[in-house]
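# Observations on the three-dimensional arrangement
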Amino acid sequence: MEEFTERLEEIKTLLSSNSRAEKPLVYSSLLELQERFVSDPSLIRILAQYSKCLLSAILTDIFYDDEEIAARALKCLGFMIYHPSIVPAILVEDADLIVDSLARVITSTKIKSVCNFGVWCISIQQFKASVLAVHFPSLLSATVHALDNPIGSLSITFEGIQAVLKLVNQLSEKMRDSSNIWAPPIYRRLVSVDKRERDMSERCLLNIRSTIIPPPLTLSKALLLDIKPILLPGMNELLNKGLKVQSVKAWEWFIRLLGPYAIKNRHVVNDMLKILEQTFSDYNPQVQLASQIAWEGLIDSLIHPPVSSETCSSVIKSDGFTKGLKLIMTPLIGIISSKGDMSVRYSCLNTWRYLLRKLGSLINSPSVIKQALEPIFEAVFQTGAESESMSLWNFCIEIFENFILAKTRGMGYDLNDHLTLRWLPWDLNMLGFHIKMIDILISEAAKSTVKTETRSLICDTSLRLFKFILKGVQVELANQSRKYDETMLILKTVLSFVKKIAEDLTSKAWDCTSLLFLEAVITDLQPSILGCPLYKVAVDLGYINLVQYVKEGRHRRLRGISSITYMDMVSPVVYLTLLHFSVVFQSALDVLKVEFIIERVDKYLSFLFSSYDTWETLHVVIDILYEHPGSSFLNIWVATSKGLKNHIDGSNDNLLLKLEKDSFGYLSLCYLLSYPLVALRRLKESTEISELSIISSQMNLELACVIEVWRSLYSSVKVTSQAECAMKNSFPEDLSVILNGFFDENFSIYSSDQDLDFLSLCGGIVEQILITSLQGNGNEDNSNYRRSGGFSNSLDFAARFMQLAWTIRGTSVSIYLVTSRVFSELTRFVGQLHLKQDILLFMEIISSPLLLWLSHEDIQDKSTIQQLQLLWIKTLNNLQSCWPPLIFDSSFLKLQAPLLEKTLDHPVPTISEPTITFWNSTFGENIKLDYPQSLHHILDKLAREGRVNLHKKKSLPLEKCQSRLVTSKQNRVSKRVEFVEGGMNCLEENARELLGLKRKRLELTEHQKEVRRAQQGRGMDCSGHGPGIRTYTSVDFSQGNEESQDSQELRNTESILELLRNTH
């Protein structure tokens, strides 16, 4: 340590002398000691003690015109003012002297190394800011002198830049305020052809960026003065030399340093933009990438978001903001829309995101969205989501999703925070924008060139975003201050969109997606809005118009149900249902989609039945269902029927009890159960289906499934309606009226065994109706003989089935199988009839088709023969056992003659024997009968064989008959009815019962009369022989022939007595 002290003393002595020759060696020795002192703190303290006495000599020597002495003195001074252990030992007065001396030597010396080391000392000094602030002007002057570099040394420039960095770090505010003085020498070097100067300047600006950007106005003005004379020519020179990236980087700094001042000097900016016009379209991706980054500088200069929300409106309305935003977006839109390098496009998207962040809350303005968001979204979404552009697509989808979710923030939908965009809840004005973007996505997915995986991704994403939009729409609709017109605007916007989606995608075979969009609307918007009768929209569906136009004049109107026609005003839920089923019917013929389509129908109807008016929904479905007759659409009927059955079974509010007879819901239910007959009919005009390309016969639903669903739904309706309601007894009858009407209109088209499906379906329906038609009528209990009635239409339908089955019987086993089951149900049915009037009604309706089957002697199917025999036997038994008892007289025999003609001598003994037994116990016991001509040959044969009785063996005395006749006459006068033994006083009672019953039945329509005449004329001759003659549908009492009825009155007493005398 003493050695070092001695050496310092020696150096001090030598520096104090004026020996110029020794000073270079002395400063070299001092530098050596300083370097050695660094590693030993104790020695540093010694050096700090000697610093005061050394400084005076050093500050004198730095002004020597000897480069060796001045330069080495500056090196030693630099060490002293840099080392943290020595600087605190320097007195303020000495520090002032040091700073002042350095400034003077830098500006005054002509020696390059001395200037360089002087600037170097400033760049490394560790003085306090207060010391530097006192001498700031001189320091600034010295630094600028170094930057201007009059000596032409690159090292001086470098040290000058380092001095700037040091002063900015120590005197930030003063350096910012004076940036117009020291910054120009730095930014001018950005356009230097010397790479070293460009690099030094760029690194310096990067380090002091936070100090000078945003730039103070004085700096912007200073730069503005340099643009035309220095900077623009410099950038163009760089471009011409092929240094395009460097030129663009310089451009970025210049536009940033112009800052807001650029808005007031558009002509200068326009001149600068000519540089980037060349680079944006350059073939080199690196140049384009640099241009994208440089464009952020223009964004900083032109976009200045307001400090408070109150000033947003004024900023957006300003002409400068609108023009600036348009200027910024123009090249970005062009690059994103191009098919250029992917890295360039992605960089462009980053620049766009930088703009969105810069906009702040202004991003929520409709005008900003129109200019800044919509064009980019359109370009990216229309480009698609293929592998090479997937990142761009996902990026925009994420931004779009965040914008949508801002409406429901705090409702379970959170934003992605990493994008840091200031989205606010959107209002009604933004709905159109959201819908438009979804439409663009879907349109892109519908292109034929899009891969299947990509299409699925786009559709799924679009549906997810659309559901988010609907959540926001529901928030708007829930606003109690919302006006009626605004609500209608929202509904029309949403409905128009899903209509477009449905029509566009269905035409391109992507109807499955459109169904999901329709489901989203019906499930996400409240029923109180969609089902409100105040909100009406026009049925402007092209498919509905097409179907109704094609079917005009041929569409059979459904009685009691008003049809929905094109441009009718309906509620939104009805509109959506029509649109949904329009898509379904156009898609139902595609076998590959059947399962999905039916699944969607089931889900859609289940929601509608549970959330909206069940019968209004069914009404709409029935209306469009009947526009599409054909077996190909039975699967839709199956889905509808299953949905309704499940709803009826699971309903807790007695759904059917509220259903009034003849209401549109009641009739819709009837027509729903009637549709399978419509669907299976064979149309005479084959062009009816070919005219509509949307209808074909590709589907063939299993008939067993249809019948099972029909039975299931019908059973649910009957079971539920057993309680006291309007449907209790009338539903099977009202349903049968509709079925009969349809049957009569289409009977003539069924003529061969090709109609087995239709026949099987009819048979299944007949079975179910017969099972339930007498339920609740008092006929289940044999001891209860209350009047039943209420089954004539059901029996009419059964009779029509028997007629059809006989017409197309052929040799098919299926025909006989279903016919056998119907005969079995008829046997059970007639077994429940005990009242005379019911038996007579049954005979009247069933006799004609029954006669056809009894006349058919070559039936090969054993089951059918057996069930036919049982039916006939049960019918004969009930004729004898009904109450009040039937009188088997000539009039009744006349009615039964056709049946007896075929059965008394039937080749099948199990039919003929019961018939003969029936004859002998009924007609065979009468005294005298007027035998019809058609029975003469049969009765003659059987009588000669001793098998039938033609009259009673034993007659009553004349006096007893007279007594009974007088009693009967007195009873008629007193209007009393009394049954007496023997039966002679009730000679014509059966005929009057049938007469009264027939008068109560509805008159046949003209069409029904034609059908009946055709049936009766088939296979008959004029003399009355053959099947169909004298059936219950053709006798004279059936149509109110008064003359015939009068002739059926009871004979007077004298005539009867005369008759008895002759017989006796």
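The rules behind the values
- Residues numbered from 1 in each chain as written.
- Predicted model: local features only at pLDDT ≥ 70, side-chain atom pairs only at ≥ 80, totals over all residues.
- Heavy atoms only, no water.
- Helix = DSSP H or I, 4+ residues; strand = E, 2+ residues; numbered from the N terminus.
- Buried < 20%, exposed > 50% of the residue type's maximum accessible area, 1.4 Å probe, protein only.
- Contact = heavy atoms within 4.5 Å.
- Areas by Shrake-Rupley, 256 points an atom, 1.4 Å probe, with all protein chains shown as cover.
- Phe/Tyr/Trp six-rings, centres within 6.5 Å; stacked < 30°, edge-to-face > 60°.
- Salt bridge = Lys/Arg side-chain N within 4 Å of Asp/Glu carboxyl O.
- Core = buried A, V, L, I, M, F, W, Y, C linked by side-chain atoms within 4.5 Å.
- Bend = angle between axes of the 7 residues up to and from the residue.
- pLDDT = per-residue confidence, 0-100.
- Expected span 1.5 Å × (residues − 1).
- Arc of directions from axis to C-beta.
- Axes fitted to C-alpha atoms, helices over the stretch in contact; angles between N-to-C directions.
- Parallel < 35°, antiparallel > 145°, perpendicular 65-115°, else oblique.
- Left-handed = near helix turned anticlockwise from the far one by under 90°.
- Nonpolar A, V, L, I, M, F, W, Y, C, P; charged D, E, K, R; others polar.

Assigned secondary structure in the protein chain consists of 50 helices and two strands. Burial statistics for the protein chain: of 1064 residues in total, 56% are counted as buried. Counted over contacts in the protein chain with a minimum sequence separation of 6, partners at least 24 positions apart contribute 78%. Here the protein chain displays about 46,200 Å² of accessible surface, and carbon together with sulfur accounts for 52% of that area.

On to the packing of aromatic side chains, then. Scanning the entire structure with this criterion turns up 38 aromatic pairs. Between the aromatic rings of F743 and F758, the centroid separation amounts to 6.0 Å while the plane-to-plane angle is 50°, which identifies the pairing as tilted. Of the two residues, F743 sits in helix α37 (residues 731–746) while F758 sits in helix α38 (residues 756–773), which places them 15 residues apart along the sequence. Residue F743 shares its accessibility class with F758, and that shared class is buried. Where F823 meets W853, the ring centres are 5.5 Å apart and the plane angle is 90°; that geometry is what we call edge-to-face. Of this pair, F823 sits in helix α40 (residues 813–831) while W853 sits in helix α41 (residues 836–855); the two residues are 30 residues apart in sequence, bridging distant segments of the chain. The two residues F823 and W853 agree in class, both being buried.

A cis amide bond, omega 0°, links I213 with the succeeding residue P214. Structurally, P214 is set in the loop between α14 (209–212) and α15 (217–240). Backbone torsion omega between W883 and P884 reads -10°, so that peptide bond is classified as cis. Here P884 lies in the loop between α42 (862–881) and α43 (890–903). The phi dihedral of N149 is positive, around 50°, even though this residue is not glycine. Tracing the sequence through the fold places N149 in the loop between α8 (136–148) and α9 (154–170).

This part is about the pattern of salt bridges. Pairs can form between side chains of opposite charge once their charged atoms are near each other. Scanning all chains against the criterion turns up 37 salt bridges. Ionic pairing is found between E444 and K447, a salt bridge with its closest N-O pair at 2.8 Å. In this structure E444 comes out as buried when scored by relative accessible area, which is 7%. Among the charged side chains, a salt-bridge network with shared partners connects E252, R256, D300 and K358.

We now examine the nonpolar core. One recurring pattern in soluble globular proteins: nonpolar side chains tend to sit buried together. W182, Y187, W251, W352, L373, F381 and L826 are the most contacted members of the largest nonpolar core, which has 342 residues in total. Here this core gets twelve residues from one element, more than from any other, and that element is α41. Excluding anything up to four places from it in sequence, W352 contacts M329, L332, A372, L373, I376, F377, F395, C396 and I399.

The next thing to look at is the side chain of Q292. Looking at the element boundaries, Q292 is found in helix α18 (residues 285–302). Using a relative accessible area of 0% as the deciding quantity, one classes Q292 as buried. Those residues within four positions of Q292 in sequence are excluded, and the remaining contacts are F280, L332, I335, V344, S347, C348 and T351.

Moving on, we come to α41. A maximum bend of about 50° is found in α41 at S847, where proline P849 lies one to four positions downstream. With 20 of its 20 residues buried, α41 lies for the most part within the structure.

A few words on the confidence of the model for the protein chain. With 81% of its residues at a pLDDT of 70 or more, the protein chain shows a mean pLDDT of 81. Contacts of residues 778–787 to residues separated by more than four positions or lying in other chains number 19 contacts, the stretch itself having pLDDT below 50. Within the model, the stretch residues 953–1003 combines pLDDT values under 50 with 74 contacts to residues more than four positions away or in other chains.

Turning our attention to helix α31 (residues 594–611). The end-to-end C-alpha distance of α31 is 26 Å, a good match for the 26 Å that 18 residues give at a rise of 1.5 Å each. Looking at α31, one finds that the buried residues are V594, I597, R600, V601, Y604, L605, L608 and F609. Summarising the axial view, the buried residues of α31 lie within an arc of 155°, below the 170-degree limit, and thus occupy one face. Relative to its buried face, α31 has exposed residues pointing more than 90 degrees away, namely E595 and S610.

Contact pair helix α33 (residues 634–650) / helix α34 (residues 664–679): the axes reach a minimum separation of 10 Å and the direction vectors enclose 155°. Of the possible angle classes, the one that applies to α33 and α34 is roughly antiparallel. Here α33 runs over α34; the crossing is left-handed. Side by side, α33 and α34 meet where L634, W637, T640, S641 and L644 of the first sit next to L669, L672, Y675, P676 and A679 of the second. Of the residues in the contact of α33 with α34, the class split is eight nonpolar, two polar and no charged.

This part is about the packing of helix α2 (residues 23–37) against helix α4 (residues 67–82). When two helices pack together, their arrangement is captured by the angle between the axes and the distance separating the axes. For the pair α2 and α4, the least separation of the axes is 9 Å and the interaxial angle reads 25°. In this view, α2 runs roughly parallel relative to α4, as classed from their interaxial angle. In the crossing of α2 with α4, the sense of the turn from one axis to the other is left-handed. Here K23, P24, L25, Y27, S28, L30, L31 and Q34 of α2 come into contact with α4, specifically with E68, I69, R72, A73, K75, C76, F79 and M80. Here the residues of the contact of α2 with α4 are counted per class, giving ten nonpolar, two polar and four charged.

Let us now look at the environment of I62. Tracing the backbone through its elements, the reader meets I62 in the loop between α3 (41–61) and α4. Separated by eleven residues in the primary sequence, I62 and A73 place their C-alpha atoms 5.7 Å from one another. With residues near it in sequence (within four places) discarded, I62 still touches A70, A73, L74, S101, V105 and V114.

As a further point, take the environment of L43. Within the secondary structure layout, L43 lies in helix α3. Sequence spacing of L43 and F4 is 39 residues, and the spatial spacing of their C-alpha atoms is 7.9 Å.

For the rest of this paragraph, the subject is the environment of V269. Residue placement: V269 occurs in helix α17 (residues 266–280). For the pair formed by V269 and I227, sequence separation is 42 residues and the distance between their alpha carbons is 9.7 Å. Excluding residues within four positions of it along the chain, V269 makes contact with I255, A262 and L298.

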